[in-house]
Amino acid sequence: MDMAAATVNFQTIVQAAGCGWASDVVSCLVNAGSGYISSAVWNVPCRDGCTWAPVIDGVYLNNTTMDLANEGKIKPHTQVIAGFNQDDGAMFVPCYPSCETSMADSRLKNYFKNRFGSRVVDSLQEVFPPPHTAVPNWLSVYFSSAQACETDFSYACTATWFASAVDNMGSSAYVYKFAQPDRDGMVLHGDEIPYAFGTGRWTDAEHEKVKNMS
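Next up on the list: the overall build of the protein. The number of helices and strands found in the protein is nine helices and two strands. When the helices and strands of the protein are read in sequence order from the N terminus, they spell out α-α-α-α-β-α-α-α-β-α-α. Counting only C-alpha atoms, the protein reaches 60 × 45 × 45 Å along its principal axes. Among the 214 residues that make up the protein, the fraction classed as buried is 32%. Within the protein, counting contacts between residues at least 6 apart in sequence, those at least 24 apart form 63% of the total. Looking at the protein as shown, the accessible area adds up to about 13300 Å², and 55% of this sits on carbon and sulfur atoms. Of the side-chain charges in the protein, 13 are positive and 22 negative, and the distance between the mean point of each set is 2 Å.

So, in structure tokens, the structure goes:
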């Protein structure tokens, strides 16, 4: 996130927390209480944690991680692992979760148009056609297409590009795809975390997978 975007987010939170009037905004926020702050954060338009994203401030961070890797400016001789979940993008399709079962062709086209622009709608329809049968089968095939597109754009491609950039620097890089479904048959953003830290409730069959990951 650049400084301009971070400043807009900060000012939005300041106003929502009732501190816009304060001469000492920081003191006002500190004294506002956690409830006010947590409520104020919801006023910031956000995709995937952008409220707290690292800020390119020119002091501690000079560029995005991807650009730094492409420029060969990340720590050399360091092993890197990057990855994504099978359905990482599902939660970030704008109509989620209400349209998981009901998305129609027209709404899929609107998603492509609003997210990426009208010029590429036809191309995206070719690259991400609705499957004959969605997985899981209760999912709308059109939502399945939308979330596959979002997963690739926001997570899978980024992980692959970053790993490639690190590999080009001569360091070891690994990419994972987490595909262990939850009880609903999806593999959503963050579903891998309990496996990595061993904090979930597991069936006997899942214990071995948890052991291997953690």
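Scanning all chains against the criterion turns up two disulfides. Across the disulfide from Cys19 sits Cys28; the S-S distance is 2.1 Å. Measuring the twist about the S-S bond at about -80 degrees, one finds the Cys19-Cys28 disulfide to be left-handed. For Cys28, a relative accessible area of 15% corresponds to the buried category.

Right, let's get into the side chain of Ser145. In this structure, Ser145 sits in helix α7 (residues 141-168). Aside from chain neighbours lying at most four places away, what touches Ser145 is Leu108, Phe112, Phe128, Pro129 and Pro130.

In this section: the packing of aromatic side chains. By the definition in use, this model includes six aromatic pairs. For the pair Phe92 and Tyr155, a centre-to-centre distance of 6.0 Å together with 40 degrees between the ring planes defines the contact as tilted. A residue pair is termed long-range when its members are at least 10 positions apart, and Phe92 in the loop between β1 (80-85) and α5 (105-116) and Tyr155 in helix α7 qualify at 63 residues. For the pair Phe92 and Tyr155, a shared accessibility class is recorded, and that class is buried. Aromatic side chains Tyr111 and Phe112 sit 5.6 Å apart centroid to centroid with 50 degrees between the ring planes, which places their arrangement in the tilted category. Per residue, the accessibility class of Tyr111 equals that of Phe112, and both read buried. Put simply, the rings of Tyr111, Phe112, Phe116 and Phe153 touch in pairs and so form one group of aromatic residues.

Going through the model one piece at a time under the given rule, you end up with three salt bridges. Among the ionic pairs, Lys73 bridges to Glu71, the shortest N-O distance being 3.5 Å. Ionic pairing is found between Arg115 and Glu150, a salt bridge with its closest N-O pair at 2.8 Å. Linking Arg115 in helix α5 with Glu150 in helix α7, this pair joins segments that are 35 residues apart in sequence. On the basis of relative accessibility, which here comes to 0%, the residue Glu150 falls in the buried class.

Before going further, it helps to spend a moment on a nonpolar patch on the surface. Taken together, the side chains of Ile81, Tyr174 and Tyr176 present a nonpolar region at the surface, about 320 Å² in accessible area. Locating Tyr174 in the fold gives a position in strand β2 (residues 173-178). The class of Tyr174 is partly exposed, set by a relative accessible area of 44%.

How each quantity is defined
- Residues numbered from 1 in each chain as written.
- Predicted model: local features only at pLDDT ≥ 70, side-chain atom pairs only at ≥ 80, totals over all residues.
- Heavy atoms only, no water.
- Helix = DSSP H or I, 4+ residues; strand = E, 2+ residues; numbered from the N terminus.
- Buried < 20%, exposed > 50% of the residue type's maximum accessible area, 1.4 Å probe, protein only.
- Contact = heavy atoms within 4.5 Å.
- Areas by Shrake-Rupley, 256 points an atom, 1.4 Å probe, with all protein chains shown as cover.
- Lys, Arg positive; Asp, Glu negative; His and termini not counted.
- Charge placed at Lys NZ, Arg CZ, Asp CG, Glu CD.
- Disulfide = S-S within 2.5 Å.
- Phe/Tyr/Trp six-rings, centres within 6.5 Å; stacked < 30°, edge-to-face > 60°.
- Salt bridge = Lys/Arg side-chain N within 4 Å of Asp/Glu carboxyl O.
- Patch = residues over 30% accessible without salt bridge, like charges linked within 9 Å, V, L, I, M, F, W, Y side chains within 5 Å.

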